[in-house]
Amino acid sequence: INAEYGDSLGQTFHFSFTMLRILCSLLLLLGAADSVTFQLRKRNGTLVSNHTSYDTVFGSVIVNNSSLLCPPAAGGNYSHDLLNVICRESGFVGAVLSARSHRVVNSNSRVSCQWAWNMTYVSVQADCPSNPVHWGECDWGDINYEKQHCNIDDTLVVQCTNRRYNLTGFEILANPNGELSGNLTSTWGTPLAIVYDNKMDRTFRSVIRHHGYAYDYGYELEYLRWSICKHIFGPNTYMRSGYSSYTKSYTKSYTKSYTKRHEEVGYQNKLSCGYMMENDVLAVITSIRCNSKHDDPTKCEFQYSSHSFYAFEFDDAINFRCTDI
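What you see is a predicted model, and the numbers here were worked out from it, not measured in a lab. (Residues numbered from 1 in each chain as written. Predicted model: local features only at pLDDT ≥ 70, side-chain atom pairs only at ≥ 80, totals over all residues. Heavy atoms only, no water.)

K.L.:
A description of the overall build of the chain should follow, citing residues and the corresponding values.
P.N.:
Along the backbone of the chain there are four helices and 19 strands. Sequence separation of 24 or more characterises 72% of the internal contacts of the chain that already satisfy a separation of 6 or more. In the form shown here, the chain has an accessible surface area of approximately 17400 Å², with 52% of it arising from carbon and sulfur atoms. (Helix = DSSP H or I, 4+ residues; strand = E, 2+ residues; numbered from the N terminus. Contact = heavy atoms within 4.5 Å. Areas by Shrake-Rupley, 256 points an atom, 1.4 Å probe, with all protein chains shown as cover.)

Shown next as structure tokens:
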């Protein structure tokens, strides 16, 4: 009886110890999931934060201060919501575009091979709400510390921004028949900037201000017209030069202008107020300055108004004629 009792007691102790190990493992997993931290570092481990004079910066993603971030185990890329969390943990407004790999990024924009030599590699699983501000808003799954998921070449580098708005594209549209949707692309029409709002995680379209005091010289408007027209219709688009110049008192003295204010153009060659209202076109871009006729306009310096919709009247918007036909 004593022997049987001893065997039973031993089995009970072994079972209890096994369950305790399982419980501890679960607690460790939960603890890891609940304490996810992100940092951005570059070169020899320099910490990247929003205390920079640059609008956008790159950095390698460091998880829990010890590991580089692999792409998702299933391939593809992490959601923009998760990338926003990573950037916002370092004080930035949000993330720009999708993440890139260590292999293709300039050495000044990610950690060096030497600094990361002994680091581990992880992939994460996260279910984040739309436009999260903090990692605590996401539901985290297991953090997988198995090294074979990737090597340093695959690890992720994110681009974060201090700027609220980024230009992602342009359109030139006209609706002479009052259309409110459809393909309204026109070589003579109202240019719209396609703008991504990093803070609100949304894309919208904005007209661009024309007022003389937004552009010191007429050739700045000409550079902008050429850059946007060629961006939309191709680099071989036939265009003639011609711009309006301004004196210091901002009175107009035209040569032959292909850039006019919205109110100076007939309804056949611009967007109507009804289209603007029905399609939530905003008025926030107060100026865009390109350095030459051949610039990518999405990379040109631009100014926006914090007053959003009330930045200026639609009648003050730019209107472009891209071809001389």
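K.L.:
I'd love a proper account of the side chain of Arg 41, names of residues and values included.
P.N.:
You can see Arg 41 is positioned in strand S1 (residues 38-42). Within the buried set, Arg 41 has no salt-bridge partner at all; the shortest N-O distance to an opposite charge, 13 Å, is to Glu 89. Reaching out from Arg 41, the side chain makes a polar contact with the side chain of Gln 39 at a distance of 3.1 Å. Ignoring anything within four residues of it in the chain, the contact list for Arg 41 reads Thr 46, Leu 47, Val 48, Gly 59, Ser 60, Ile 62, Asn 65, Arg 110, Val 111 and Trp 115. (Buried < 20%, exposed > 50% of the residue type's maximum accessible area, 1.4 Å probe, protein only. Lys, Arg positive; Asp, Glu negative; His and termini not counted. Salt bridge = Lys/Arg side-chain N within 4 Å of Asp/Glu carboxyl O. Polar contact = N/O pair within 3.5 Å; in protein donor to acceptor, adjacent residues only side chain to side chain.)

K.L.:
Tell me about the side chain of Lys 230, and please be specific about residues and values.
P.N.:
Looking at the secondary structure, you find Lys 230 in helix H3 (residues 218-233). The charged side chain of Lys 230 is buried without a salt bridge, its nearest counter-charge being Glu 222 at 10 Å.

K.L.:
Give a description of the packing of aromatic side chains that names residues and reports values.
P.N.:
What the rule picks out here adds up to three aromatic pairs. A ring pair is formed by Tyr 165 and Tyr 304, whose centres lie 4.6 Å apart and whose planes are at 85 degrees; its orientation type is edge-to-face. Taken together, the residues Tyr 165 in strand S11 (residues 165-173) and Tyr 304 in strand S18 (residues 301-304) connect sequence positions 139 residues apart. Tyr 165 gets classed as buried once you look at its relative accessible area, which sits at 5%. By relative accessible area, which is 31% here, Tyr 304 ends up partly exposed. Here the basic side chain of Lys 293 rests over the ring of Trp 226, its NZ or CZ set 4.3 Å away from the ring centre. (Phe/Tyr/Trp six-rings, centres within 6.5 Å; stacked < 30°, edge-to-face > 60°. Lys NZ or Arg CZ within 6 Å of the ring centre and 35° of its normal.)

K.L.:
Which residues make up the nonpolar core, and what are the values?
P.N.:
Core analysis: the largest hydrophobic core is formed by 26 residues, its most contacted members being Phe 38, Leu 69, Ile 86 and Val 158. Of all the secondary structure elements, the ones that give two or more residues to this core are S1, strand S3 (56-63), helix H2 (80-89) and strand S10 (156-161). Looking at which element gives the most residues to this core, the answer is H2, with five residues. Residues in contact with Ile 86, not counting those within four places in the same chain, are Phe 38, Leu 40, Val 61, Leu 69 and Val 158. (Core = buried A, V, L, I, M, F, W, Y, C linked by side-chain atoms within 4.5 Å.)

K.L.:
So what about the state of the cysteines? Which residues, and what values?
P.N.:
Two cysteines, two sulfur atoms, one covalent bond between them: this is a disulfide. Applying the stated criterion across every chain, the model contains five disulfides. Shown here is the disulfide that connects Cys 229 with Cys 322, its sulfur atoms set 2.0 Å apart. Here Cys 229 and Cys 322 share a disulfide; its torsion about the S-S bond, -75 degrees, makes the bridge left-handed. Of this pair, Cys 229 sits in helix H3 while Cys 322 sits in the segment after strand S19 (318-321), placing them 93 residues apart in sequence. For Cys 290, the disulfide goes to Cys 300, at an S-S distance of 2.1 Å. (Disulfide = S-S within 2.5 Å.)

K.L.:
Explain unusual backbone geometry to me, and be specific about the residues and the numbers.
P.N.:
A positive phi angle, close to 50 degrees, is found at Asn 64, a residue other than glycine. Along the chain, Asn 64 falls in the loop between S3 and strand S4 (67-69). Owing to a relative accessible area of 19%, Asn 64 belongs among the buried residues under this scheme.

K.L.:
Quick rundown of the confidence of the model for the chain? Include the residues and the values.
P.N.:
Averaged over every residue, the pLDDT of the chain is 78; the share at 70 or more is 73%. The model gives residues 17-33 a pLDDT under 50, and that stretch makes five contacts with residues more than four places away or in other chains. (pLDDT = per-residue confidence, 0-100.)

K.L.:
Run through the pattern of salt bridges, naming residues and quoting values.
P.N.:
The tally for this structure, following the rule as stated, stands at six salt bridges. As a salt-bridge pair, Arg 164 and Asp 197 come within 2.9 Å of each other at their nearest N and O atoms. Here Arg 164 is found in the loop between S10 and S11, whereas its partner Asp 197 is found in strand S12 (residues 188-197), with 33 residues between them in sequence. On the accessibility criterion, Arg 164 (27% relative accessible area) is partly exposed. The salt bridge involving Arg 261 is made with Glu 263; its shortest N-O contact spans 2.4 Å. Each of Arg 261, Glu 263 and Asp 316 takes part in salt bridges that share partners, so that together they form one network.

K.L.:
Could you give me a rundown of the environment of Arg 289, with the residues and numbers involved?
P.N.:
By secondary structure assignment, the location of Arg 289 is in strand S17 (residues 282-289). At 2.8 Å, the side chain of Arg 289 and the side chain of Glu 220 are in polar contact.

K.L.:
Describe H2, and please don't skip the residues or the numbers.
P.N.:
For an α-helix the count is 3.6 residues per turn, leaving residues at separations of three or four pointing the same way. Most of H2 is tucked away: eight of the ten residues are buried. Turning to H2, its buried residues are Asp 81, Leu 82, Leu 83, Asn 84, Val 85, Ile 86, Cys 87 and Arg 88. Residue Gly 91 follows H2 closely and has a positive phi angle near 95 degrees.

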